[in-house]
Amino acid sequence: MTAFGSYARLWAAYAVADDGGGGGGELVPVFPPAAETGAPETYLDLRGNEVEFGFWFAFVQTNYLPTAAWVGDLARGSVAGLLVDARNAVHVVPRRRLGELYECRMPNGATAMIPPRWRMGYVVWEGQVRQCDYCYGLDGDERMELYWAWNLKLRTG
C-alpha cells in the first residue's frame, strides 16, 4: 500500500511468472484502479472507504502465490469474487434472457442488452459487503460499462 496523507492505493505483485518460474514481478495497482499509477489524485481517501480497503486487502492476501496472469486479471477486474464500487457502476435488474443476452432494466427505466459474462462478486451497500453479480458490457455509445445486479434471477413486472 502506498499513501499520500490519508489517500492510499493498494498494489499486488506476482510470485510466479506465467512460464511457471519464480521471482517477484512488478507492482500493479489493484485498488483503486487507474492508468496514472503515480498520480496522487488517483488515490482514494481511506476515511470513508475503510470497508472497501479492508475487503481488497483481505482479497489480495487470499492468493499466497499469485501468478502474473492472476494479478493482471485482478487489476482488470476479471477475477470472480471482486468488490464492485456501486458508485461507479450501473445497477440493473435482469428481466429475461434473449439468446446470448440478458435484457436488463436500467435505473432510468430504459432497457439494456447485456452479454452473459457475469461473475460473482461483492458490493458495499449501506456499509456492508454483500454478494452480487457483475459484468462488463458496452453501453449504447459503445463505451465499456460496469453493470451489477443483486442476482441473475429473472424478474418480471
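Preceding block: the structure.
From a predicted model like this one, the values you see are computed outputs, not experimental measurements. (Residues numbered from 1 in each chain as written. Predicted model: local features only at pLDDT ≥ 70, side-chain atom pairs only at ≥ 80, totals over all residues. Heavy atoms only, no water.)

A.B. asks: Sorry if this is basic, but what is going on with the pattern of salt bridges here?
C.D. replies: A side chain of one charge can pair with a side chain of the opposite charge if their charged atoms are brought near each other. Taken as a whole and assessed by the stated rule, the structure comprises three salt bridges. Between Asp45 and Arg47 there is a salt bridge, with the nearest N and O atoms lying 3.6 Å from each other. Close ionic contact of Arg130 with Glu126 constitutes a salt bridge, the shortest N to O distance being 3.9 Å. Overall, the relative accessible area of 34% leaves Arg130 in the partly exposed class. (Salt bridge = Lys/Arg side-chain N within 4 Å of Asp/Glu carboxyl O. Buried < 20%, exposed > 50% of the residue type's maximum accessible area, 1.4 Å probe, protein only.)

A.B. asks: Any chance you could explain the sheet that holds strand β9 (residues 111-114) here in plain terms?
C.D. replies: Adjacent strands of a sheet form backbone hydrogen bonds with each other and so pair up, either parallel or antiparallel. Read across the open sheet, the three strands follow the order β7-β8-β9; overall the sheet is antiparallel. The open sheet is flanked by β7 (93-98) and β9, the only strands paired with a single partner. With direction set aside, neighbouring strand axes in the sheet form an average angle of 30°. Note that strand β8 (residues 101-105) and β9 share four bridges and pair antiparallel. Directly across from Glu103, in β9, lies its bridge partner Met113. (Pairing = 2+ DSSP bridges. Helix = DSSP H or I, 4+ residues; strand = E, 2+ residues; numbered from the N terminus. Axes fitted to C-alpha atoms, helices over the stretch in contact; angles between N-to-C directions.)

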